[in-house]
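# Fold and contact review
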Amino acid sequence: GGGGWGVKKIIMAEQEDETVNRVWDMVSERVRARRARDFTRADEIREELRQMGVTLDDTKDTWTLDGMVHDEADFIPLIQERWKAKRKHEFEKCDEIREKLRGYGVWLDDDNRTYRLPSGAQGVQEAMCELTDDEVTALTTQRFDALEAGDHETASALMKQLNSEDVTLNDSYFTWNIGESRWGAQNPAHPSSDLTLQYILEQVNTRLVARRQNDYEKADEIRDQLLEQGVVIYDREDRWTTKSGRNGPVGDIPDRDIHIMLKDRADARMKQDYEKADKIREELGLYGVTISDRDRSWSHMSSNRGGPLPNANGIRGREFETTRRKKKENDQSRSRT
């Protein structure tokens with residue numbers, strides 16, 4: 001507590017409220033005083049703020065003025081505004097915002113695209129994308145069609161437009177993303193979207209067996225057939241992807257993929273989208289993963305892998321580590337009884 005102070009969106013306005021900025025400067029000074037264990041000075045600032053009508057809540061790292069609550073989450077729009085200026089090469093504006101944030105105790109790491117707030121909380125720098133998901137998908141589909149038609153000039157122009165909105169394209173997997181919070185398929189209506197996961201896995205695994213048996217002629221035949229249907233296999237990465245934006249592992253499914261699918265299922269259940277949740281359960285079943293909502297756990301049929309179910313926000317990596325040893329001990333215990 002005591003370090004996570006922020007200032008409301010008003011600091012981003014062209015004409016900043018002097019009172020709010022003055023309060024913020026005093027709050028920042030008080031935070032520094034508390035960290036230096038100068039509690040006398042911290043108490044003096046608290047009293048000065050009280051006389052100005054400012055209420056501090058150290059337990060929630062917030063302060064209130066004229067009924068408006070301020071916290072460090074309000075720095076995010078300013079961080080987004082700076083990142084967008086950086087992408088547009090507006091470096092003077094970019095430096096100006098950086099210095100303002102630094103004065104408030106917010107540190108930026110452009111190399112890793114991260115930020116650290118006064119409380120120590122960290123996040124990823126992302127721009128404010130003004131496009132909706134549908135609008136992004138429409139543009140990526142236009143670009144996809146232009147590339148397929150050999151119109152590289154149009155494709156390049158669309159790429160620049162998407163990049164200006166901080167949209168990143170992954171042409172290997174035919175997907176797009178905006179930071180870590182938004183993503184989608186570049187061309188979701190591609191005919192490969194009609195292929196079932198069961199069919200794709202059967203073909204991919206049949207090809208895998210052929211390769212292991214050195215039957216490369218059969219393996220190449222399956223690969224070429226899938227490619228005609230819009231399915232691309234990347235042998236180096238042990239993954240497959242469709243031109244409609246779906247992708248998955250070749251062979252055993254990694255824990256990371258399981259975690260992502262379980263998190264998506266938890267999110268669907270929270271939104272009461274039980275049809276989507278059931279579909280994800282069925283897809284995991286095709287990979288040999290069993291879900292127990294009663295025990296809030298998952299397990300893999302052909303290996304000693306398992307773990308707790310994540311919630312919609314995910315769970316900490318330590319909590320998600322697979323419990324091979326524990327599961328093995330339980331299996332051995334049951335076999336003795």
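Let us look at the structure shown here. Just so it is clear, the structure is predicted and the values come from calculations on it, not from any experiment.

What counts, and at which threshold
Residues numbered from 1 in each chain as written. Predicted model: local features only at pLDDT ≥ 70, side-chain atom pairs only at ≥ 80, totals over all residues. Heavy atoms only, no water. Helix = DSSP H or I, 4+ residues; strand = E, 2+ residues; numbered from the N terminus. Buried < 20%, exposed > 50% of the residue type's maximum accessible area, 1.4 Å probe, protein only. Contact = heavy atoms within 4.5 Å. Pairing = 2+ DSSP bridges. Axes fitted to C-alpha atoms, helices over the stretch in contact; angles between N-to-C directions. Expected span 1.5 Å × (residues − 1). Arc of directions from axis to C-beta.

Once that is clear, we can look at the environment of Leu162. With respect to the secondary-structure elements, Leu162 resides in helix 6 (residues 152-164). Residue Leu162 is classed as buried on the basis of its relative accessible area of 0%. Along the backbone, Leu162 and Leu131 are 31 residues apart, and their C-alpha atoms lie at a distance of 9.3 Å. Aside from chain neighbours lying at most four places away, what touches Leu162 is Val136, Leu139, Thr140, Val167 and Leu169.

Across the sheet, three strands lie side by side as 10-11-12; this open sheet has antiparallel pairing. Looking along the sheet, the strands with just one partner apiece sit at the ends: strand 10 (231-234) and strand 12 (247-249). Strand after strand, the sheet turns through a mean of 20 degrees between neighbouring axes, direction not considered. Looking at chain direction, strand 10 and strand 11 (residues 239-242) are connected through four bridges and run antiparallel. Each bridged residue has a counterpart across the sheet, and for Tyr234 the counterpart in strand 11 is Arg239.

Attention shifts here to helix 2 (residues 39-51). Structural remark: α-helix, 3.6 residues per turn; residues separated by three or four positions point the same way. A rise of 1.5 Å per residue sets the reference length of helix 2, with its 13 residues, at 18 Å; its end C-alpha atoms lie 18 Å apart and thus fit the reference within 8%. Listing the buried residues of helix 2 in full gives Ala42, Ile45 and Leu49. An end-on view of helix 2 places all buried positions within 65 degrees of arc, on one side of the element. Seen from the buried face of helix 2, the exposed residues on the opposite side, beyond 90 degrees, are Thr40, Arg50 and Gln51. For helix 2, the elements touching its buried residues are helix 1 (18-35) and strand 1 (54-57). Downstream of helix 2 by a residue or two, Gly53 has a phi angle that is positive, lying close to 90 degrees.

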